[in-house]
Amino acid sequence: MRRDFCDGVGVARLLNATLVLPKFEVAAYWNESSDFADIFDVDYFIQHMDGFVKVVKELPPEISSKEPFHVDCSKRKGQFDYVESVLPALLEHKYISLTPAMSQRRDRYPRFAKAALCQACYSALRLTRSLQKKAAELLEAIPKPFLSLHLRFEPDMVAYSQCEYQGLSPTSMQVIEAARGDRKPWTGEVAHIWRRRGKCPLTPNETALILQALSIPTNTNIYLAAGDGLMEIEGLTSVYTNVVTKSALRTGEDFTRMHGNTKAALDYYVSINSDSYMATYFGNMDKMVAAMRAFKGLYKTLFLSRKAFAEFTYQGLEGKELMQALWKVHRDDFLMGRGSALPACFCEFEL
């Protein structure tokens, strides 16, 4: 949501348009019903975007009853130009909703649009005071120093990846099948190729193996930045015994009433303030966390390589040989203490 909203700010500046605060989609899977104002400090955002983009909370009365003209740019490829392709629709209809181009290149934005996007990402978007207070209390409760680990092995994630796994428990297999729907897993040689491209989420057991290859002590304090539906978590906790979760640290009634977006906001806050951060998937949260950590001068950030793990196991490597290969492929990033997600998300300017 942060990424898409920051992109929306950049596009609004490109088009010299007024930005209406978004309505979040209701996500049944996450039992989600929160809105923008439940997560972000609206007045603070509007105030800090002044001079960059005009932001309004609600539509003016003359168009509030109208449905916006929808412009879907998601399938556009190449050097997509919003001014050329979207501005005519905005001028004609006055009020549009937008699905951004998946392949957009923020580095091609003119400087004034980059400035607006970066102001939104790094300065204007902050949590509501009540949510930030909860996040700070959670951060305080975590044993220090600690590693924040973003682990993605939930049923919907595995189903979306179209990957098949051997050796999972019957319970895990059942919930994965229920989540697949029409998205069937790849089989045969295609499945091998897909996995070797790094398309398959690391299991908790595979994650523990890579952490061991990096000589991360098994008594390390690990905060698990993840949803409530993680599968096969014993594969990690049987090796790394000091793993804590937000649900274990915050059990009050106020916390139990929180939904997916607000819980994810807690994970984001903890992750950008952790002593170190590791991610098993190169997803939107990971990119935003890496960029914000770099912005804050916290460079101990690493992305575990699904592609390398798949390639080495496909070659038949195991035991000490596999551990050495995993260390070599992660060594440079691990020693430098920074991941590889910055170009697409981090804003750089020359003075």
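I will try to describe carefully the structure that is included in this document. Small disclaimer: the values here were computed from a predicted structure and weren't measured. (Residues numbered from 1 in each chain as written. Predicted model: local features only at pLDDT ≥ 70, side-chain atom pairs only at ≥ 80, totals over all residues. Heavy atoms only, no water.)

Below, the discussion takes up the pattern of salt bridges. Taken as a whole, this structure holds 9 salt bridges when the rule is applied. The partner of aspartate 43 in a salt bridge is lysine 57, and the shortest N-O contact between them spans 2.9 Å. With aspartate 43 in helix α3 (residues 42–48) and lysine 57 in the loop between β2 (55–56) and β3 (69–72), this residue pair connects regions lying 14 residues apart in the sequence. Across the pair glutamate 154 and arginine 152 runs a salt bridge, and its minimum N-O distance is 3.0 Å. No difference in accessibility class separates glutamate 154 from arginine 152, as the two residues are buried. A single salt-bridge network, built from bridges that share partners, covers Lys133, Glu137 and Arg250. (Salt bridge = Lys/Arg side-chain N within 4 Å of Asp/Glu carboxyl O. Helix = DSSP H or I, 4+ residues; strand = E, 2+ residues; numbered from the N terminus. Buried < 20%, exposed > 50% of the residue type's maximum accessible area, 1.4 Å probe, protein only.)

With that settled, consider the packing of aromatic side chains. Aromatic ring pairs are reported here in terms of the distance separating the ring centres and the angle at which the planes meet. Enumeration according to the criterion identifies 9 aromatic pairs in this entry. Each ring, one from tyrosine 122 and one from phenylalanine 295, has its centre 4.8 Å from the other, and the planes form 20 degrees; the classification is stacked. With tyrosine 122 in helix α6 (residues 111–124) and phenylalanine 295 in helix α16 (residues 284–295), this pair connects stretches of sequence that are 173 residues apart. According to the relative accessible area criterion, tyrosine 122 is buried, its value standing at 13%. Seen in terms of ring centroids, tryptophan 186 and tryptophan 194 are 5.8 Å apart; in terms of plane orientation they differ by 55 degrees. Their pairing is tilted. In this structure an aromatic cluster arises from ring pairing among Phe5, Phe36, Phe40 and Phe45. A cation sits over an aromatic face here: arginine 126 above tyrosine 44, 3.7 Å from the ring centre. (Phe/Tyr/Trp six-rings, centres within 6.5 Å; stacked < 30°, edge-to-face > 60°. Lys NZ or Arg CZ within 6 Å of the ring centre and 35° of its normal.)

Interhelical geometry of helix α1 (residues 2–15) versus α16 gives an angle of 70 degrees and a closest axis separation of 9 Å. Classified by the angle between their axes, α1 and α16 sit roughly perpendicular to one another. Each of Arg2, Arg3 and Cys6 in α1 lies in contact with α16, whose residues at this interface are Asn284, Met288 and Met292. For the contact of α1 with α16, the per-class residue count stands at 3 nonpolar, 1 polar and 2 charged. (Axes fitted to C-alpha atoms, helices over the stretch in contact; angles between N-to-C directions. Parallel < 35°, antiparallel > 145°, perpendicular 65-115°, else oblique. Contact = heavy atoms within 4.5 Å. Nonpolar A, V, L, I, M, F, W, Y, C, P; charged D, E, K, R; others polar.)

Let us look at the layout of surface pockets. Counted as a void, the second largest pocket has a volume near 490 Å³. In terms of lining residues, the second largest pocket is bounded by 26 residues, among which Glu164, Tyr165, Gln166, Arg195 and Glu206 are the most central. Contributions of two or more residues to the lining of the second largest pocket are made by α10 (188–196), α11 (204–213) and α17 (306–314). The leading source of residues in the lining of the second largest pocket is α10, at 6 residues. Looking at the lining of the second largest pocket residue by residue, the class counts come to 11 nonpolar, 10 polar and 5 charged. (1 Å grid on protein atoms, 1.4 Å probe; cavity = no way out; pocket = protein on both sides within 12 Å on 5 of 7 lines; lining within 4 Å. Points joined across faces, edges and corners; volume = space filled by probe spheres on them.)

As far as function goes, none of this settles anything; it's purely spatial.
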